Amino acid sequence: MVELISAAIDPQIIAFATVAAVVTVVPGADMALVARSVLAHGRGAGYVTSVGCCMGLWAHAVGSALGVSAILMTSATLFSIVKVIGGVYLAALGVASLRRAWQANTVMAMTKPAISPQDARRAFSQGVLSNLLNPKVAVFYLTLLPQFIRPDDAVLPRSLVLASVHVVVGLVWLTAYTYFLGRLSALLNRARIRQALEGITGAVLIGLGARLAWDRH
């Protein structure tokens, strides 16, 4: 119990949480993907997608601690392959959103209290894959986490603690964002507005996918 309290007031943990919060609230693929899930399957799907997006962070933390991220960062070919796969995946999700936007008289799922198990699994896997297939997250963890790990710390446990902080920050932000979108259900149930947002979300995902796949940095 004392160790947990000490970890909670660790200045490095607080500093990392601040950095993670700043990074999390910047609009990107996670927020676009959550919006897509809410528009397609309702608020419940948005919550599940949010969890999926955040679960991938632990994998990146493990990869960073074990040196997998270092291999990814130093191998230009491997890095490019993962970038292209991740970019194509985001673009494919964007195309699916555009197709729904073009379909007239589709039924809005915003007010559904729950989603089917199949939709939940799909929403979760989309969140996880979107995160795992973004090599920039791996590089971010590889360069950031060591700054918050002391020489006498066990690297893997400390990395998982830091990732857990990031997960909590991400879940708070994305679930609040999902809740906000759900509160707009009356507005978003209007066909033209819904289709416009589907189109915008699709275009954003395609743009993010293209940027991820072809960005030289």
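We now turn to the structure provided with this report. Computed from a prediction, not measured in an experiment: that's the story for all the values here. (Residues numbered from 1 in each chain as written. Predicted model: local features only at pLDDT ≥ 70, side-chain atom pairs only at ≥ 80, totals over all residues. Heavy atoms only, no water.)

## Points about the side chain of Ser 159
Here is step 1: Positionally, Ser 159 belongs in helix α9 (residues 155–183).
Here is step 2: Here Ser 159 falls in the buried class, since its relative accessible area comes to 1%.
Here is step 3: A polar contact is formed between the side chain of Ser 159 and the backbone oxygen of Val 155, at a distance of 2.8 Å.
Here is step 4: If we ignore the near neighbours within four places in the chain, the residues touching Ser 159 are Ala 61, Ala 65, Leu 145 and Ile 149. (Helix = DSSP H or I, 4+ residues; strand = E, 2+ residues; numbered from the N terminus. Buried < 20%, exposed > 50% of the residue type's maximum accessible area, 1.4 Å probe, protein only. Polar contact = N/O pair within 3.5 Å; in protein donor to acceptor, adjacent residues only side chain to side chain. Contact = heavy atoms within 4.5 Å.)

## Examining the layout of surface pockets
Here is step 1: Taken as a whole, the largest pocket holds about 770 Å³ of empty space.
Here is step 2: Taken together, 25 residues make up the lining of the largest pocket; nearest its centre are Gly 28, Ala 29, Asp 30, Asn 134 and Val 137.
Here is step 3: Counting residues per element, the ones that place at least two in the lining of the largest pocket are α2 (11–25), α3 (29–41), α4 (43–66), α7 (117–132), α8 (135–144), α9 and α11 (191–214).
Here is step 4: Here the lining of the largest pocket gets 4 residues from one element, more than from any other, and that element is α9.
Here is step 5: Here the lining of the largest pocket is built from residues that sort into 15 nonpolar, 7 polar and 3 charged. (1 Å grid on protein atoms, 1.4 Å probe; cavity = no way out; pocket = protein on both sides within 12 Å on 5 of 7 lines; lining within 4 Å. Points joined across faces, edges and corners; volume = space filled by probe spheres on them. Nonpolar A, V, L, I, M, F, W, Y, C, P; charged D, E, K, R; others polar.)

## Considering the nonpolar core
Here is step 1: Ranked by internal contacts, the top residues of the largest apolar core, which has 31 residues, are Phe 16, Tyr 141, Leu 145, Leu 162, Leu 174 and Tyr 177.
Here is step 2: Sorting the residues of this core by element identifies α2, α3, α4, α6 (76–102), α8 and α9 as the ones contributing at least two each.
Here is step 3: Dropping the residues within four chain positions of it, Phe 16 is found in contact with Leu 144, Leu 145, Phe 148, Leu 162, Val 165 and His 166. (Core = buried A, V, L, I, M, F, W, Y, C linked by side-chain atoms within 4.5 Å.)

## Regarding the side chain of Arg 158
Here is step 1: Turning to its location among the elements, Arg 158 is positioned in helix α9.
Here is step 2: With residues up to four places along the chain from it excluded, the contact list for Arg 158 reads Asp 10, Gln 12, Ile 13, Phe 148, Ile 149, Arg 150 and Asp 153.

## Considerations on a nonpolar patch on the surface
Here is step 1: A cluster of nonpolar residues, Val 25, Val 26 and Trp 173, forms a patch on the protein surface that exposes about 240 Å² of accessible area.
Here is step 2: Structurally, Val 26 can be placed in the loop between α2 and α3. (Patch = residues over 30% accessible without salt bridge, like charges linked within 9 Å, V, L, I, M, F, W, Y side chains within 5 Å. Areas by Shrake-Rupley, 256 points an atom, 1.4 Å probe, with all protein chains shown as cover. Salt bridge = Lys/Arg side-chain N within 4 Å of Asp/Glu carboxyl O.)

## Observations regarding the packing of α4 against α8
Here is step 1: Packing of α4 against α8 brings their axes to within 9 Å, and their N-to-C directions diverge by 55°. If you check the angle between α4 and α8, you find them oblique. Read as a crossing pair, α4 and α8 show a hand that is right-handed. In contact with Leu 57, His 60, Ala 61 and Ser 64 of α4, α8 contributes Val 137, Ala 138, Tyr 141 and Leu 142. (Axes fitted to C-alpha atoms, helices over the stretch in contact; angles between N-to-C directions. Parallel < 35°, antiparallel > 145°, perpendicular 65-115°, else oblique. Left-handed = near helix turned anticlockwise from the far one by under 90°.)

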